Each structure stands twice: as C-alpha cells, then as structure tokens.
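The lines below spell out each chain.
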Amino acid sequence: MHFLPDRGLGRLPESEVTPRSLYASRRELLALGAAATLLPNLAQAQAGAKLAAIKSAVPGAMVLDKPTRMEDATRYNNYYEFGTDKSEPARNAHTLKTSPWSVVVEGECARPGRFDLEALLKLSPMEERIYRLRCVEGWSMVIPWIGYSLAELIRKVEPNSRAKFVEFTTLADKSQMPELSNGALDWPYVEGLRIDEAMHPLTLLAFGMYGEVLPKQNGAPLRLVVPWKYGFKSAKSIIKIRLVEKQPTSSWTKAARQEYGFYSNVNPLVDHPRWSQATERRIGEDGLFAKKRPTLMFNGYEPQVGQLYAGLDLKKNY
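In this text the structure is predicted, and so the values were computed from the model without any measurement.

Caption draft 1: How the structure looks around the overall build of the protein. When helices and strands are counted, the protein shows eight helices and 13 strands. By the burial criterion, 52% of the 318 residues in the protein qualify as buried. Excluding contacts between residues fewer than 6 apart, the proportion of contacts in the protein whose partners are at least 24 apart in sequence is 73%. Surface accessibility of the protein: about 15,600 Å² in total, with carbon and sulfur atoms responsible for 53%.

Caption draft 2: Just the sheet that holds strand 3 (residues 113-116), in detail. With mixed pairing, five strands are arranged side by side in an open sheet as 3-2-11-6-7. Unpaired on one side and paired on the other, strand 3 and strand 7 (190-194) mark the two borders of the sheet. This sheet shows a mean twist of 20° between the axes of neighbouring strands, independent of strand direction. Here strand 2 (residues 102-107) pairs with strand 3 via four bridges, running antiparallel.

Caption draft 3: A look at the nonpolar core. If you look at the biggest cluster of nonpolar residues, it comprises 82 residues, and the most contacted ones within it are Trp145, Phe168, Phe207, Trp228 and Ile241. Top contributing element to this core by residue count: strand 5 (residues 139-149), with seven residues.

Caption draft 4: Seen up close, the side chain of asparagine 267. By the secondary structure assignment, asparagine 267 is in the loop between helix 7 (251-255) and strand 12 (279-282). For asparagine 267, a relative accessible area of 5% puts it in the buried group. One polar contact links the side chain of asparagine 267 to the main-chain amide nitrogen of leucine 269, over a distance of 2.9 Å. The residues contacting asparagine 267, other than those within four sequence positions of it, are Tyr230, Gln277, Met297 and Leu314.

Caption draft 5: Spatial organisation of the pairing of strand 4 (residues 127-134). Of all eight residues that make up strand 4, seven are buried, and the element is covered over most of its length. Inspection of the sheet shows strand 1 (residues 54-55) paired to strand 4 by two bridges, in the parallel sense. Bridging across to strand 4, isoleucine 54 finds its partner in glutamate 127. When strand 4 meets strand 5, the two strands line up antiparallel, connected through eight bridges.

Caption draft 6: Quick look at the packing of aromatic side chains. One pass over the structure, following the stated rule, counts 11 aromatic pairs. Aromatic side chains tyrosine 263 and tyrosine 309 sit 6.1 Å apart centroid to centroid with 90° between the ring planes, which places their arrangement in the edge-to-face category. Taken together, the positions of tyrosine 263 in the loop between helix 7 and strand 12 and tyrosine 309 in the segment after helix 8 (302-305) put the pair 46 residues apart, joining distant regions of the chain. Each of the two residues, tyrosine 263 as well as tyrosine 309, counts as buried. Positioned above the aromatic ring of phenylalanine 262 is the side chain of lysine 233, whose terminal nitrogen or guanidinium carbon lies 4.3 Å from the ring centre. Sitting over the face of the ring of tyrosine 79, lysine 236 holds its NZ or CZ atom 5.5 Å from the ring centroid.

Caption draft 7: Representation of unusual backbone geometry within the structure. Cis rather than trans, the peptide bond between tryptophan 187 and proline 188 has omega equal to 0°. If you trace the backbone, proline 188 turns up in the loop between strand 6 (165-170) and strand 7. For the peptide bond that leads from alanine 220 to proline 221, omega is 0°, which places it in the cis range. Structurally, the position occupied by proline 221 is in the loop between strand 9 (212-213) and strand 10 (223-225). Notably, glutamate 158 is not glycine yet its phi reads approximately 55°, a positive angle. Mapped onto the elements, glutamate 158 comes out in the loop between helix 5 (151-156) and strand 6. One non-glycine residue, tyrosine 210, lies in the positive phi region at around 55°. Within the secondary structure, tyrosine 210 is located in the loop between strand 8 (204-209) and strand 9.

Definitions and limits used
- Residues numbered from 1 in each chain as written.
- Predicted model: local features only at pLDDT ≥ 70, side-chain atom pairs only at ≥ 80, totals over all residues.
- Heavy atoms only, no water.
- Helix = DSSP H or I, 4+ residues; strand = E, 2+ residues; numbered from the N terminus.
- Buried < 20%, exposed > 50% of the residue type's maximum accessible area, 1.4 Å probe, protein only.
- Contact = heavy atoms within 4.5 Å.
- Areas by Shrake-Rupley, 256 points an atom, 1.4 Å probe, with all protein chains shown as cover.
- Pairing = 2+ DSSP bridges.
- Axes fitted to C-alpha atoms, helices over the stretch in contact; angles between N-to-C directions.
- Core = buried A, V, L, I, M, F, W, Y, C linked by side-chain atoms within 4.5 Å.
- Polar contact = N/O pair within 3.5 Å; in protein donor to acceptor, adjacent residues only side chain to side chain.
- Phe/Tyr/Trp six-rings, centres within 6.5 Å; stacked < 30°, edge-to-face > 60°.
- Lys NZ or Arg CZ within 6 Å of the ring centre and 35° of its normal.

Shown next, in the form of structure tokens:
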C-alpha cells in the first residue's frame, strides 16, 4: 500500500520566528485563563459553558471541510448507555453526573495516579481541532473539538517498556445510565489503542466542542477522539486508562469480532460484512439531491498516520 508523505512547511527566516519561551508562555497563559473560566461552569454542570482554546498547530488538526451544524452533532448520537436510537442520548443523558469526576491512570507506568477533572484541564493548553468523524455505520460529520493530545497525559505517568497498548474504560452506572440494562453490549464500554496510536499527536483527549464544554450526550466531561478510526473507537465519559502489555479486547470486538476489528481504521477498501464502506453520508447534507461522499483512506489522515501501519495487512488487521 502506498502512503503519502507528510509534507512540512518551508523554513522561515530566523527574524520571523517567535522565540520559543514567549510562545510557550502565551500558550500557558491562555490555557490557564481558559481553565479558570471553565471550572465553575463544569462544577455546576451548566449546559453551554464556554471553553476557550487556541487553534492547534498539529499537522492535520484543522481540516478545511465545512463543520457540521452543532444542532446535528448534539442531537444525532451513538451513546448506547442512554439509548440505541440516535435521538435518545440527547433526551436521556441529562441524568449523567459529570462533577465530581476523576480518571485513574494505571498499569505499566512509573507514576500511576488518579487525576481529577480540574487537574486534567490544567495539564496542557486547550486547543481547537477540526476533525472529520466517520461512523462505521456509513455516516460522517465534521466537528470542532477542544482538548489536547492524549500523549500529554500518558507522558506524565511515564510508561515503561512493557506498555504496548492503552485500554480505556468508560463509566457504567445504572443509576445514571438506565439503558445499561438493554443488553446491547457487555458493560462497561472498553476500547483500546496501540501505544504508538495513543501517543500520536492527533489522538485527542477532548473536553469540549463548538467552543463549549462537552454536552453529556457527546461524552462529557472528557472523551477520546481518534479521527482516522471509526467513531466507536473514541471512548466517551472515560474513568480509567490502563497501560498494558497485551492487546485489550474492545467491547464491539467482543460483541462481534467478525465485524469490528481491534484497529477499525477508516478504510474504503474493506467493507463491513453487511454494507459497503466506500462512501458515506455527511450529516446535514441530506437533501433530495445530496450525493454520498467517497470515503477517504484513514478518513483523510493518511499523510499523518499512514506510517503507523507500514507493512501491516489492513484487510486482515481491520
């Protein structure tokens, strides 16, 4: 398989380059200001609380596609803990309690610990990233997320040489999530990545979208966003992150191994057993004459992530 090269920007004259110390200080001040503004709103779980961020400089993080309307992105959701119909999470997720909240990070690392939400918000500057989102069901969106690279948190706990994979576990509380009794999956929801996938700069720990804190139906108060993989790989409402030596079994892989592989990279050449993955329906483009879009390899992020899978049979390792 041919992978496109990652193209860099040309060199600038030294006189035009902002000193690193000044740039870092400005980012830190902006991040701290955003966190200070946000924390009271998060504690009160107010819908629509603003979350400031700077535009990301990570290659590939700011796609030029037209963003999906916020109304569509917050009302058309997969979050089975709150219902299997697309409209149910927006109606039912008000029962989710997002404060207090903490995330345990453990396993193959030198500095495991429990991080409360306030500490996570201050860990790294908040960035806006506009990513494509491709669902395995054949629909897609474009969403402006707010967060920072998951690698910032992973580096903080100092993984050891046995950390080959990262496992994510989400909240499963029947008192808050009445649909856990629906039997759709074996709860809690578990997902996983290879360590190099988790450490890739595009892998986002997201706290907000559309300039606001995450709505509950979209995975509040924090979730994963891995833009080159099908959407179910991006775990919502995370409470535990484990660095492990052996490949974890994802919830959907456990439920239907022949349909949902561990990697689940967006791949128009590998169909789902029950439908084609060659095209997609962009939410918000549902008019009578709207045509389906061709699906891009790795959801259009091949220049950034293709090298992660060099030599790997992506049909066998779907």
